[in-house]
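Observations on the three-dimensional arrangement
Residues per chain are reported as follows:
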Amino acid sequence: MNDMILVTGATGAFGRPLVELLTARGVKVRAVTRSAAGVRLPAGAEAVEGDPARPETLAGHLDGVTAVFLHPRAIGDGAPGLLARAAERGARRVVALSAMNVDEPLDEQPSRFRGDRNKEAEAAAVDSGLEWTSLRAASFAGNALQAWAPQIRAGDVVRYVHAGFQEVPIDERDLVEIAARTLLGGYAGRRLELTGPESLTHAAMVAVLGEAIGRPLRFEEIPPEAAERHLVAGGLPEPFVRALLARYARYATRPQHPVTEDAAAVLGRPPGTFAAWAAAHAPAFAPQDHPAAGQAPGLRPHG
């Protein structure tokens, strides 16, 4: 293959599996990292130092690049400048990771409070003059790890808000596959709406997790104030938590997003179910003294 792909956010929870998948398929990758010291990558990937939010730091790494992957947290406000420089050096394609709620008011997008710039990354791709694709992802299945794993490791009751709130979670492994395929061509000029195959309530997701770990779990609905204290104590930024809980409240009685067919169209198969994700990640929900605790494969949520 003659493709050379520049991946921003390459050593993070999403970028690293993308680098691994691309190189496994014989694609050369330049993996952007702020510090290459100690970074170990698979054969076919080259770690290059730079800050995507400051495109000038990557100017020396763009020769031969045919496609760019924009991670909305890594890129900050640097996407337009990076893509302009990449286009000047001969890049032809850009894929931006975005979100299904990208068109909602900015203050109603929780992930912005953790640094994601979904709207800006997508807009830069569209305006770049390159072939572009936007991956508008639904909530990650892996969000369940941060929201509920500590409680499940400690007992059989999950205390959280809005038992009836519905998600259409997508398995991050499917999203990585979709990113790889679109980086290599196809679906140009598309804003792909990427969901899992089913809409599930919070209570149903917890029940699925119980089946995966072989331990019945009970969902206990708690007031938003209690959930906020719990999530902030767990290390999440308070502005993010408040925006997240406000999102739950807005859609407490109706689905936020419908199930779409875009993921299946790109993958050539149905996307993975939440039950399949839960089975693959069951060790991460095991009690801390269990020998398998924390050994689940896969990704952590980007928020």
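Reading the values: rules and limits
- Residues numbered from 1 in each chain as written.
- Predicted model: local features only at pLDDT ≥ 70, side-chain atom pairs only at ≥ 80, totals over all residues.
- Heavy atoms only, no water.
- Helix = DSSP H or I, 4+ residues; strand = E, 2+ residues; numbered from the N terminus.
- Rg over C-alpha atoms; globule rule 2.2 N^0.38 Å.
- Buried < 20%, exposed > 50% of the residue type's maximum accessible area, 1.4 Å probe, protein only.
- Contact = heavy atoms within 4.5 Å.
- Areas by Shrake-Rupley, 256 points an atom, 1.4 Å probe, with all protein chains shown as cover.
- Lys, Arg positive; Asp, Glu negative; His and termini not counted.
- Charge placed at Lys NZ, Arg CZ, Asp CG, Glu CD.
- Pairing = 2+ DSSP bridges.
- Axes fitted to C-alpha atoms, helices over the stretch in contact; angles between N-to-C directions.
- Salt bridge = Lys/Arg side-chain N within 4 Å of Asp/Glu carboxyl O.
- Parallel < 35°, antiparallel > 145°, perpendicular 65-115°, else oblique.
- Left-handed = near helix turned anticlockwise from the far one by under 90°.
- Nonpolar A, V, L, I, M, F, W, Y, C, P; charged D, E, K, R; others polar.
- Polar contact = N/O pair within 3.5 Å; in protein donor to acceptor, adjacent residues only side chain to side chain.

1. What to know about the overall build of the chain
- The secondary structure content of the chain amounts to eleven helices and eleven strands.
- Here the chain has a C-alpha radius of gyration of 19 Å; the compact-globule value for 303 residues is 19 Å, and the two agree.
- The C-alpha extent of the chain, read off along each of the three principal axes, is 55 × 40 × 35 Å.
- Across the 303 residues that make up the chain, the buried fraction comes to 50%.
- The long-range fraction of contacts in the chain, counting pairs at least 24 apart against all pairs at least 6 apart in sequence, stands at 74%.
- Summed over its atoms, the accessible surface of the chain is roughly 12400 Å², and 51% of this surface lies on carbon and sulfur atoms.
- Separation between the mean location of the 32 positive side-chain charges and that of the 35 negative ones in the chain comes to 3 Å.

2. Quick word on the sheet that holds strand 4 (residues 67-70)
- A sheet is described by the order of its strands in space; here seven strands give the open sequence 3-2-1-4-5-6-9, paired in parallel fashion. On the outer flanks of this sheet lie strand 3 (45-49) and strand 9 (190-194), each paired with one strand and no other. Within the sheet, the average angular offset between the axes of one strand and its neighbour, ignoring direction, is 20°.
- Summarising the sheet, strand 1 (residues 4-7) and strand 4 pair through three bridges and their orientation is parallel. Paired with L6 across the two strands is V68, which belongs to strand 4.
- Across the sheet, helix 1 (residues 15-24) touches strand 1, strand 2 (28-33), strand 3 and strand 4, and the angle it forms with strand 1 is around 170°.

3. Considerations on the pattern of salt bridges
- For the structure on display, the rule yields 24 salt bridges.
- In this structure, E20 engages R16 in a salt bridge whose closest nitrogen and oxygen atoms are separated by 3.4 Å. Taken together, the residues E20 and R16, both in helix 1 and four residues apart, mark about one turn of the helix.
- The class for E20 is partly exposed, based on a relative accessible area of 37%.

4. Section: the pairing of strand 4
- A two-sided burial pattern is seen for strand 4, the buried positions comprising A67 and F69 on one face and V68 and L70 on the other.
- Both strand 4 and strand 5 (residues 93-99) contribute to a ladder of four bridges, which runs parallel. Of the residues in strand 5, the one forming a bridge with A67 is R93.

5. Side note on the packing of helix 5 (residues 143-154) against helix 7 (residues 202-213)
- Where helix 5 meets helix 7, the axes come as close as 12 Å, and the angle between the chain directions of the two elements is 60°. Between helix 5 and helix 7, the interaxial angle falls into the category oblique. Both helix 5 and helix 7 take part in a crossing whose hand is right-handed. Counted together, A144, W148 and I152 of helix 5 and H202, M205, V206, L209 and I213 of helix 7 form the full contact between these two elements.
- The residue inventory of the contact of helix 5 with helix 7, partitioned by class, reads seven nonpolar, one polar and no charged.

6. A word on the side chain of E177
- Within the secondary structure layout, E177 lies in helix 6 (residues 172-183).
- Of note is the side chain of E177, whose polar atom sits 2.5 Å from the side chain of R181.
- Ignoring any residue separated from it by four or fewer positions in sequence, one finds E177 in contact with L21, R25 and L267.

7. Regarding helix 5
- All buried positions along helix 5 are accounted for by A144, L145, A147, W148, A149, Q151 and I152.
- Tucked inside the fold, the buried residues of helix 5 contact strand 7 (157-160), helix 7, helix 8 (224-233) and helix 11 (274-280).

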